[in-house]
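# Descriptive structure summary
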Amino acid sequence: MAAAMAMSNAVLCEPKDFPVLKNDTFLRAARGQQTQHVPVWCMRQAGRYLPEFKEYRAGKDFFDTCRSPEACCELTLQPLRRFDFDASIIFSDILVVPQAMGLEVQMVPGKGPTFPDPLKDPEDLQRLKTEVDVKKELDYVFKAITLTRHKIEGKVPLIGFTGAPWTLMAYMIEGGGSKTQSKAKAWLYRHPAASHMLLKRLTDVVVDYLLGQAAAGAQALQVFDSNAGFLGPQEFKEFSLPYLRDIARRVKDRLKETGQDLPMIVFAKDAHYALEDLSQSYYEVVSLDWTIDPRSARERTGGSVSLQGNMDPCALYAPKERISEVVQKMLEGFGTQRYVANLGHGLYPDMDPAAVGAFVDAVHQHSRRMNGDGGDKLQ
Ligand SMILES: Cc1c2[nH]c(c1CCC(=O)O)Cc1[nH]c(c(CCC(=O)O)c1C)Cc1[nH]c(c(CCC(=O)O)c1C)Cc1[nH]c(c(CCC(=O)O)c1C)C2
């Protein structure tokens, strides 16, 4: 029996003959095509707010879990069993990239990701691998994506992701989460050339990593620049934006050669000052945090991209009726086309799964009604 299961997973782990996609609403909205309802998913939809997630993860090391394709597949599928999400995101973490480059990262319960030996000075760049064999180092993520794409049975598309170079650099220097990012920012002002060298090396790895995810079966790719807001407009323009653009351009050029066309999403949290630039950076979708007004985001991006976001995650602490009102306002602001509903950042562990269900249902119900019940008008 076990042998038969191992066998069937081995067969499933070929990135071909994937089940036919039944719900393409998210991909359509991302590409700017018309949809009958607004698609919705949540950042951190696989997470500790779900009792089944906590139960499955209990007693297991976080990065061991990330290295198990079966575990990643199960954790990715869990939220889809509860909620009517229009997309899934592979369970993994942005910090697998610094690990692949040779830095140790541990997940310390109650503290979060921790680098025992972070980068302190530019000389420390020598500790990073000069050549990173992404296929070898991150093959476990590619296997997880292929397995999940099969097991999802075409229900919804599977999103792959990476951290952006600046966000990854910040973790590698800070050694974990930080309130100020002052050590990482000190590099930008004190060691600009070394900073660019590190950002360039991260960009090269991220490009290979995203291409590997696409080859493994990811149907869209999101780049998380979660630490963008720590930079001012000038520093963002110098140390983040060029790398975000380079990633999208290089990934798209290479995908074109293989005949693939995956929508790409950029999420630069709190970088509202860069919205115009982000909308002209080769990404199909710009994902927004909750500090941006939907109408002004539409005006500033001028219809050139689809938008994703941006409900304040804390609105999920409200009663169901209030969540529905907040969603309605958000949809009125963004409109129902070229739009993917999401939160402005990830779900928190103390959130009530029922509130997530109320959010998803409100997005579907309000948008169908606003579209005239999703009748035949939209083709
Ligand atoms: C569920 C989870 C993850 N990572 C961490 C957790 C919590 C730990 C646990 O459950 O054991 C630790 C974990 N990993 C990280 C953190 C933040 C640490 C900090 O800055 O304080 C934590 C607690 C680092 C990380 N990791 C990620 C980001 C970018 C998104 C964001 O801004 O939240 C970042 C910054 C990406 C990420 N991380 C994860 C996913 C897939 C799940 C999903 O979205 O459904 C994704 C997309 C999975």
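The structure under discussion appears in the preceding block.
Residues numbered from 1 in each chain as written. Predicted model: local features only at pLDDT ≥ 70, side-chain atom pairs only at ≥ 80, totals over all residues. Heavy atoms only, no water.

Here the focus is the site of the ligand. Close to the ligand lie 21 residues; R57, D93, Y171, S226 and H345 are nearest. At 2.9 Å from an oxygen atom of the ligand is found a main-chain nitrogen or oxygen belonging to R44. Within the contact set of the ligand, a nitrogen atom lies 3.5 Å away from a backbone nitrogen or oxygen of S92. Protein contact buries 85% of the 870 Å² of open area that the ligand shows by itself. Taken atom by atom, the bulk of the ligand overlaps the largest pocket. (Near = heavy atom within 4 Å. Polar contact = N/O pair within 3.5 Å; in protein donor to acceptor, adjacent residues only side chain to side chain. Areas by Shrake-Rupley, 256 points an atom, 1.4 Å probe, with all protein chains shown as cover. 1 Å grid on protein atoms, 1.4 Å probe; cavity = no way out; pocket = protein on both sides within 12 Å on 5 of 7 lines; lining within 4 Å. Sits in = over half its atoms within 2 Å of the grid points.)

Looking now at the pairing of strand β4 (residues 158–163). The buried fraction of β4 is high, at six of six residues. Residues L158, G160 and T162 line one face of β4 and the alternating positions I159, F161 and G163 line the opposite face, and both faces are buried. In terms of strand pairing, strand β1 (residues 88–89) meets β4 through two bridges, oriented parallel. Looking at the pairing, I89 lines up with I159 of β4. Summarising the sheet, β4 and strand β5 (residues 220–225) pair through five bridges and their orientation is parallel. Paired with T162 across the two strands is V223, which belongs to β5. (Buried < 20%, exposed > 50% of the residue type's maximum accessible area, 1.4 Å probe, protein only. Helix = DSSP H or I, 4+ residues; strand = E, 2+ residues; numbered from the N terminus. Pairing = 2+ DSSP bridges.)

By the element assignment, T114 lies in strand β3 (residues 112–114). What makes T114 buried here is its relative accessible area of 12%. At 3.1 Å, the side chain of T114 forms a polar contact with the backbone oxygen of G112. Discounting residues that sit within four places of it in the chain, T114 has contacts with E104, V105, Q106, V108 and G175. (Contact = heavy atoms within 4.5 Å.)

Looking now at unusual backbone geometry. Here G309 and N310 are connected by a cis peptide whose omega angle stands at -15°. By the secondary structure assignment, N310 is in strand β8 (residues 306–311). For D17, which is not glycine, the phi dihedral falls at a positive 50°. With respect to the helices and strands, D17 occurs in the loop between α1 (2–12) and α2 (25–30). D17 sits in the exposed class, given a relative accessible area of 68%. At R338, a position not held by glycine, the phi torsion is positive, near 50°.

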